[in-house]
Amino acid sequence: MPTTTPPPPHFVLFPFMSQGHSIPLLHLSHILSNRHISVTVITTSANHSAVKSTLKNDSISVIDISFPDNSVTAPPGVEITDKLPCMSSFIDFVDATKQLQPQFEHAVRNLPPVSCIISDGFLFWTQDSADKLGIPRLVFNGMNIFSMTMCNIMEQFKPHAAVGSDNEPFPVPDFPRIKLTANDFGPPFNEVEPKGPEFEFMVRLQKTAARSRGLVVNSFYELEPEFNDYWNRNYGLKAWLVGPFCVAKPETKPKETAEKPNWIQWLDVKLAAHEPVLYVCFGSQAEASVEQLVEVAVGLERSNVNFVWVVKPKELRLIGEGFEARVKGRGKVVAEWVDQMEILKHEAVCGFMSHCGWNSVLESICAGVGILAMPLIAEQHLNARMVVEEVGMGLRLWPRDKVARGVVGAEEVAEVAVELMRGEGGRRVRKRAEEVREGAYGAMKEGGSSSRTLDLLIDHICGFE
Ligand code: UDP
Ligand code: UDP
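Before going into details, it helps to say that this report is about the structure given with it. It should be emphasised that the depicted structure is a prediction, and the values quoted were computed from it without experimental measurement.

## Here's the deal with the overall build of the protein
Helices and strands together make up the secondary structure of the protein, namely 17 helices and 15 strands. Taken over the C-alpha trace, the protein has a radius of gyration of 22 Å; the compact-globule value for 465 residues is 23 Å, and the two agree within 12%. For the protein, the C-alpha atoms occupy an extent of roughly 75 × 60 × 50 Å along the three principal directions. Burial analysis of the protein (465 residues in total) assigns 42% to the buried set. Contacts spanning at least 24 positions in sequence make up 65% of the contacts within the protein whose residues lie at least 6 apart.

## Thoughts on the sheet that holds strand E10 (residues 277-281)
Taken in spatial order, the six strands of this open sheet run E12-E11-E10-E13-E14-E15, and their pairing is parallel. Each end of this open sheet is capped by a strand with a single partner; those strands are strand E12 (331-334) and strand E15 (394-396). Pairwise comparison of adjacent strand axes, ignoring direction, gives a mean angle of 20° for this sheet.

## Structural notes on the packing of helix H4 (residues 101-109) against helix H5 (residues 126-133)
In contact at an axis separation of 10 Å, H4 and H5 are set at 40° when each is read in the N-to-C sense. In terms of orientation, H4 and H5 fall into the oblique class. Here H4 and H5 pass one another in a crossing that is right-handed. Residue-level contacts link Gln101, Phe104, Glu105, Val108 and Arg109 of H4 to Thr126, Ser129, Lys132 and Leu133 of H5.

## Comments concerning the site of ligand 1
Around ligand 1, the neighbouring residues are Tyr221, Asn228, Asn232, Ala239, Trp240, Leu241, Ser449, Thr453 and Leu456. Mapped by element, the contributors of at least two residues to the shell around ligand 1 are helix H8 (225-234), strand E9 (239-241) and helix H17 (449-462).

## A word on the pairing of strand E1 (residues 10-14)
The buried fraction of E1 is high, at four of five residues. Judged from the four bridges that link them, E1 and strand E2 (residues 38-44) form a sheet pairing that is parallel. Counted as the bridge partner of valine 12 is threonine 40 from E2. Between the parallel elements E1 and E2, the chain passes through helix H1 (residues 19-34) in a crossover that is right-handed. Examined bridge by bridge, E1 and strand E4 (residues 116-120) share four bridges and lie parallel to one another. Residue phenylalanine 11 lies in a different strand from E4, and its bridge partner there is cysteine 116.

## What about the pairing of E2?
The buried count for E2 comes to six of seven residues, which makes it a mostly enclosed element. Pairing analysis gives five bridges linking E2 to strand E3 (residues 61-65), with the strands arranged parallel. Paired with valine 41 across the two strands is valine 62, which belongs to E3. This β-α-β element, E2 to helix H2 (residues 48-55) to E3, shows right-handed connectivity.

## Focus on the packing of helix H6 (residues 145-157) against helix H14 (residues 380-391)
Their axes nearest at 9 Å, the elements H6 and H14 cross at an angle of 115°. By crossing handedness, the relation of H6 to H14 is classed as right-handed. Of H14, the residues touching H6 (which contributes Phe146, Ser147 and Met150) are Leu382, Asn383, Met386 and Glu390. When grouped by side-chain class, the residues that make up the contact of H6 with H14 number four nonpolar, two polar and one charged.

## What about the site of ligand 2?
Close to ligand 2 lie 18 residues, the nearest being Gly20, Gly283, Gln340, Gly357 and Ser360. Those elements that provide at least two residues to the shell around ligand 2 are H1 and helix H13 (358-367). Per-element accounting of the shell around ligand 2 gives the leading share, four residues, to H13. In terms of residue class, the shell around ligand 2 is built from seven nonpolar, nine polar and two charged.

## Regarding unusual backbone geometry
Going from proline 187 to proline 188, the amide bond is cis rather than trans, its omega being 5°. Tracing the backbone through its elements, the reader meets proline 188 in the loop between strand E7 (175-180) and helix H7 (197-210). The amide bond that connects glycine 243 to the next residue, proline 244, takes the cis arrangement and shows omega of 0°. Along the polypeptide, proline 244 turns up in the loop between E9 and helix H9 (262-272). Despite not being glycine, lysine 402 shows a phi value in the positive range, around 55°. Note that lysine 402 resides in the loop between E15 and helix H15 (410-422). Note on lysine 402: 12 C-beta atoms within 10 Å, which makes it exposed.

## Examining the nonpolar core
Tyr279, Val308, Leu372 and Ala417 are the most contacted members of the largest nonpolar core, which has 122 residues in total. In contact with tyrosine 279, not counting residues within four places along its chain, are Val308, Ile343, Leu344, Val349 and Phe352.

## Section: the environment of glycine 442
Here glycine 442 is to be found in helix H16 (residues 424-444). C-alpha separation for the pair glycine 442 and leucine 111, spaced 331 residues apart in sequence, amounts to 35 Å.

## Comments concerning the environment of glutamate 200
Following the sequence through the fold, glutamate 200 ends up in helix H7. Given 13 C-beta atoms within a 10 Å radius, glutamate 200 is considered partly exposed. Placed 57 residues apart in sequence, glutamate 200 and threonine 257 show a C-alpha to C-alpha distance of 53 Å.

## So, H13
At 3.6 residues per turn, the α-helix brings residues three or four places apart onto the same side. Taking burial as the measure, the 10 residues of H13 include 10 buried ones, the bulk of the element. Taken together, the buried positions of H13 are occupied by Trp358, Asn359, Ser360, Val361, Leu362, Glu363, Ser364, Ile365, Cys366 and Ala367. Packed against the buried residues of H13 are H1, helix H12 (340-345), strand E13 (349-354), strand E14 (370-373), H14 and H16. Following H13 by one or two positions, glycine 368 has its phi on the positive side, about 65°.

## Description of the environment of alanine 273
Assignment of secondary structure puts alanine 273 in the loop between H9 and E10. The class of alanine 273 is exposed, set by 9 C-beta atoms lying within 10 Å. Sequence separation between alanine 273 and alanine 348 is 75 residues, and the spatial gap between their C-alpha atoms is 9.4 Å.

The rules behind the values
Residues numbered from 1 in each chain as written. Chains lettered and ligands numbered in written order. Predicted model: local features only at pLDDT ≥ 70, side-chain atom pairs only at ≥ 80, totals over all residues. Helix = DSSP H or I, 4+ residues; strand = E, 2+ residues; numbered from the N terminus. Rg over C-alpha atoms; globule rule 2.2 N^0.38 Å. Buried ≥ 20, exposed ≤ 12 C-beta atoms within 10 Å, placed from the backbone. Contact = placed C-beta atoms within 7 Å. Pairing = 2+ DSSP bridges. Axes fitted to C-alpha atoms, helices over the stretch in contact; angles between N-to-C directions. Parallel < 35°, antiparallel > 145°, perpendicular 65-115°, else oblique. Left-handed = near helix turned anticlockwise from the far one by under 90°. Near = placed C-beta within 6 Å. Right-handed = clockwise from strand over helix to strand, strands pointing away. Nonpolar A, V, L, I, M, F, W, Y, C, P; charged D, E, K, R; others polar. Core = buried A, V, L, I, M, F, W, Y, C linked by C-beta atoms within 7 Å.

Take a look at the structure:
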C-alpha cells in the first residue's frame, strides 16, 4: 500500500513591531526553514518591506494584516501607527495591537494547517486566538532566562522590602552570591507593593503567557545553565533555549571596496593600520538623555581611543557642533541604520560600548567582542549584571556613586574605555568573549544544546514524541 508522507510542520511566526523584537524572530524563521519546517511570518503592512529585506529567503512566506482604518482609539496626543511610538505610550500601543485580532485569526484560518504559533509576549491576545483555533502557541519575549528569573524572584520573595533604599544591595533569594539593588529593575519589579498600569500590564502578559505551551528563549544552555535549570524546576511554563538566533543571519557577501558602506571602509583602514576600534551603539529603541549623550561624547573625545559611534539621526545635533572635527581620524559618527553584525564581526572592532539590549549582547557574543556595559532602560541593567558579573565578558560603566539609574560621567567613559581597549581588564574580557563565542556556535551546531532542544521542542509541539 502506498504510504502518504504527512505534510511538513507549519509554523506561524508573529513578531512584535520593534526592531529588537522582530529581528530575532526573523532569524528564528530561517532556523526553522532550514529544518524543512514551512514558515509563515505575519506582520503589519507598514512593516512588510522591513521584514522582507531582513528575511532574504523566498521560501518563507510573509502575510500582511492591517489596523482597521477607523479603529485605533488612541489616547490624546498619541498617534498609533504600525510603527512603535515613543516608550511613554508603549502600553497604549501594545493594547491597540489587539485591534489586529480579527484579521490575524482570518489570516491563520486561511493558511494550510498550522502546527504552532510563535508570537511575541506583547501580542498577548494571540493566546486567545490560538485557543480559539486549537493551535498550540509558544511565547517569545526577547529576554534571557537570567533576567526573567530575577524578575520572578523579586515578585515572589520581595527581597528589596528588607533594604533601606533602592540602591542598597540585597542577596537574591536562592542565589545568595548574587547581589542586586531595586534600581537594577524597572517598574513594576522595583516596587514592593506594585500597583497601577505597569503592574496590571505585566500581570496580564504573565497570565496569558502561562496559558501557552512554553517560552522560546533566544539564549543557550551553556550561557546560563543554573538559571535554565532553576526556571524549569520552579515554574510551570517551560523555557526552551534554542539560540542564539543571530547565528542564522544570512551572511553579507564580500563586497568591492567602493560598494562597502563608508564606515566599513573606515574600519578597513583602521585594520590595515593595526588600530583597534571601539564600536558604540545604544540600540534602536532606548533614548539616552541629552546629558548622557554629552557625557559619552566628552568621554570618547578624552579617551583617545578609536571609535565608530552609531547614533539616531536626531541625536547627531545633540552631540554638539565641532565634535566630529575634533575626533577626526580616530572617531567616526554614523547617523544611519547599520548592519550591526557586520560591524561587530569586522576584525578592527575589539570592544562594544552597548546599552545591553539582549540582541546586541548576543551579537557581541557571536562576534567574540567584549562589552562596555551602559544599560539605559527595561531589563538592560540586569543584562549588564549578567554580562559583567556572571559571564565575565564585559566591564561596567557606572554612574557616579554606583547608582544604577544615574548618569555615567565623561571621566568614567574615558577611563573604562581605555581599560577595555588597552588594559588588563580588556584582555581578560576578550579572552572570555572568545570562549563564549565558541560556546554559542557549539550550541547551535548539530548535536549542540540549542539544536537538540529545538528538536525536542518540535517533537513536543508536533506530537512526534
Ligand atoms: N537542555 C537544554 N536547554 C533547555 C532545556 C534542556 O540544553 O532549554 C538540555 C539540558 O542539558 C538538560 C537536557 O537538555 O539537561 C534535558 O532537559 P529537559 O528539560 O528537556 O529534560 P526533561 O524535562 O525532558 O527531563
Ligand atoms: N541594529 C542594527 N543597526 C542599527 C541599530 C540596531 O542592526 O543601526 C540592530 C541590532 O543589531 C539588534 C537590534 O537592532 O539586532 C537592537 O536590539 P537590542 O535588543 O540590542 O536593543 P533594542 O533596540 O531592542 O533596545
